[in-house]
Amino acid sequence: MSAITALPLAMAEELLHSILPAASVGEIVLRTGGELSTIFEIRFVGAAEPVVIKIYDDQWRWKQEKEIYVYQLLQQHGVGPVPAVLHHGDADNALGRCHTVMTMLRGQPLSAVGHALDRASLREIYRQIGGCMAAVHQIPQGAYGYLTTRVLDPEPTNTAYMTGQFHKKLKEYADHGGDAELATAIEAKVARQADLLGACRRAVLCHNDLHEGNVLVAEEGGAWQVSGFIDVENTIAADDSPT
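Here goes a summary of the coordinates provided. (Residues numbered from 1 in each chain as written. Predicted model: local features only at pLDDT ≥ 70, side-chain atom pairs only at ≥ 80, totals over all residues. Heavy atoms only, no water.)

Considering the packing of helix H5 (residues 158–175) against helix H6 (residues 180–192)
So the rule is basically this: The axes used here are C-alpha line fits, helices contributing only the stretch in contact, and every angle between their N-to-C directions lies in the interval 0 to 180 degrees. Each helix corresponds to a stretch of at least 4 residues labelled H or I by DSSP, and each strand to a stretch of at least 2 residues labelled E; elements are numbered beginning at the N terminus. By definition in this entry, angles of less than 35 degrees are roughly parallel, angles greater than 145 are roughly antiparallel, angles of 65 to 115 are roughly perpendicular, and the rest are oblique. Only heavy atoms enter the contact rule, under which two residues are in contact if any of them lie within 4.5 Å. Lys, Arg, Asp and Glu make up the charged group, whereas Ala, Val, Leu, Ile, Met, Phe, Trp, Tyr, Cys and Pro make up the nonpolar group; the residues left over, Gly among them, are polar.
Between H5 and H6, the shortest axis-to-axis distance is 10 Å and the interhelical angle comes to 175°. By the angle class used here, H5 and H6 are roughly antiparallel. Across from Thr163, Phe166, His167, Leu170 and Tyr173 in H5, the residues of H6 making contact are Leu182, Ala183, Ile186, Glu187 and Val190. For the contact of H5 with H6, a count of residues per class yields seven nonpolar, two polar and one charged.

Right under this line is the structure:
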C-alpha cells in the first residue's frame, strides 16, 4: 500500500467525528510521512486547539498499539509531557488504514533549534532530559525484552537478555559480511564480562530513542524549556542502570 501524502478535509472530519462531532477543520498540514506512518496536524476553525492524526498502514497496526500503550503508561506515571491519546481506530474507513488522534504538543524539535541556543539554555534542557530519563527508569517491568503492549520473548535476567542480544546482533553482523575476527573478539569479551550484566537489579522501561529530534522545546518567559517528548517506538524493558 502506497504512503499517504494528503488527507482530505472530509476524511479528517470523519476520523474526528466520534470525539469532536461539531468540529470544523480549517487546515490540514502534513508533518511527517513514510512507509510506517504519516502524521497530519489538524487545525480547526475557531479557537479549538489543533490535534494530530497519525495514520498507519494496516501491517504496522502493532506499532500503533505499542505507541498507545507506552504513551498511556508514561502518563500514568507522570512522565512527560507526552501526547495524550484522544481516540484510535482500525482500518474500517475510506483510507483503509489505522489511525490515532492525539493532542499536539507545542514547541520545536531540539534538533532544529539547538544550534542557536546558548550554553546555559542547552545545559538546562539536557538537565530536564536527564530528569525525564530518570523518571522513565522508575517504571518497573515484569521481565526483560522488546516491548509492544507486553514484553515479547521475556527473559528473567538482564544477563540472559543482553547475551542473547549480543549473539543476535553479531550474527546479523556476520550475515552482512562483517569481520569474523572482530565478531569473535567481541563475543569473547562479552562472555568474559558477563558478570557486569548481572549487576542490573530489575527490568524497567527504557526509551532508546530520546535524541534531539524527539525532544520538543519552547521558549517561556525568555528561557527555553522542554515542552514534550515524542516517538516511543524503541522503548524496551531493560537495564535500570543510570544513563
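The discussion continues.
A few points about the pairing of strand S12 (residues 235–239)
To keep it simple, the criterion reads: Burial classification: accessible surface area is computed with a 1.4 Å probe over protein chains only, and a residue below 20% of its type maximum counts as buried, one above 50% as exposed, and the rest as partly exposed. When DSSP locates at least two bridges between a pair of strands, those strands are taken to pair.
S12 sits mainly inside the fold: four of its five residues count as buried. The sheet contact formed by strand S7 (residues 144–147) and S12 spans two bridges and is antiparallel. Each residue of the ladder has a partner; that of glycine 145, found in S12, is alanine 237. Judged from the five bridges that link them, strand S9 (residues 203–207) and S12 form a sheet pairing that is antiparallel. Bridge pairing in S12 links valine 204 to alanine 238.

With respect to the environment of threonine 103
Definition in use: Whenever a nitrogen or oxygen atom comes within 3.5 Å of another N or O atom, the pair is scored as a polar contact, on the condition that within protein one atom can donate a hydrogen and the other can accept it, and that pairs from neighbouring residues in sequence are kept only if both atoms are in side chains.
Note on placement: threonine 103 falls in strand S5 (residues 98–103). Among residues more than four places away in sequence, those in contact with threonine 103 are Pro83, Ala84 and Leu86. Polar contacts involving the side chain of threonine 103 include one to the main-chain amide nitrogen of alanine 84, which spans 2.9 Å.

Concerning the environment of serine 24
Its location among the elements puts serine 24 in the loop between helix H1 (9–16) and strand S1 (25–33). Relative accessible area serves as the criterion here: at 35%, serine 24 is assigned to the partly exposed category. Separated by 90 residues in sequence, serine 24 and glycine 114 place their C-alpha atoms 35 Å apart. Apart from residues no more than four positions distant in its own chain, serine 24 is found in contact with Glu13, Phe44 and Val45.

Some details on the sheet that holds S12
Spatial ordering of the open sheet is given by S8-S7-S12-S9, a layout of four strands whose pairing is antiparallel. Each edge of the open sheet is held by one strand with a lone partner, namely strand S8 (151–155) and S9. Each strand axis lies, on average, 20° off the axis of its neighbour in the sheet, ignoring direction.

Overview of the pattern of salt bridges
Basically, it comes down to this: Salt bridges are defined as contacts in which a side-chain nitrogen from Lys or Arg sits within 4 Å of a carboxyl oxygen from Asp or Glu.
Here the structure, examined in full by the defined rule, presents 12 salt bridges. Arginine 61 is paired through a salt bridge with glutamate 65; the nearest N and O atoms lie 3.4 Å apart. With a gap of four residues between them, arginine 61 and glutamate 65 both fall in helix H2 (residues 61–76), about one helical turn apart. Look at glutamate 65 and you get partly exposed, because its relative accessible area is 36%. With its nearest N and O atoms 2.7 Å apart, the salt bridge here joins glutamate 124 to arginine 127. With a gap of three residues between them, glutamate 124 and arginine 127 both fall in helix H4 (residues 119–136), about one helical turn apart.

Some details on the sheet that holds strand S10 (residues 215–220)
Strand order in this open sheet of three strands is S6-S10-S11, and the pairing throughout is antiparallel. Of all the strands in the sheet, just strand S6 (108–109) and strand S11 (223–229) have a single pairing partner and so form its edges. Where S6 meets S10, two bridges bridge the pair, whose relative direction is antiparallel. When the bridges of S10 are listed, glutamine 108 appears paired with valine 217.

Structural notes on the packing of aromatic side chains
The criterion, for reference: Classification of ring pairs uses Phe, Tyr and Trp, with its six-membered ring standing for Trp, and accepts pairs whose centres are within 6.5 Å; under 30 degrees between planes counts as stacked, over 60 as edge-to-face, and the remaining range as tilted.
Per the stated rule, a full pass over the model turns up one aromatic pair. Look at tryptophan 62 and tyrosine 146: their rings are 6.4 Å apart centre to centre, the planes differ by 70°, and that puts the pair in the edge-to-face class. With a gap of 84 residues between them, tryptophan 62 in helix H2 and tyrosine 146 in strand S7 connect regions that are remote in the sequence. Judged by its relative accessible area of 29%, tyrosine 146 is partly exposed.

Any functional reading would require information that these geometric values do not contain.
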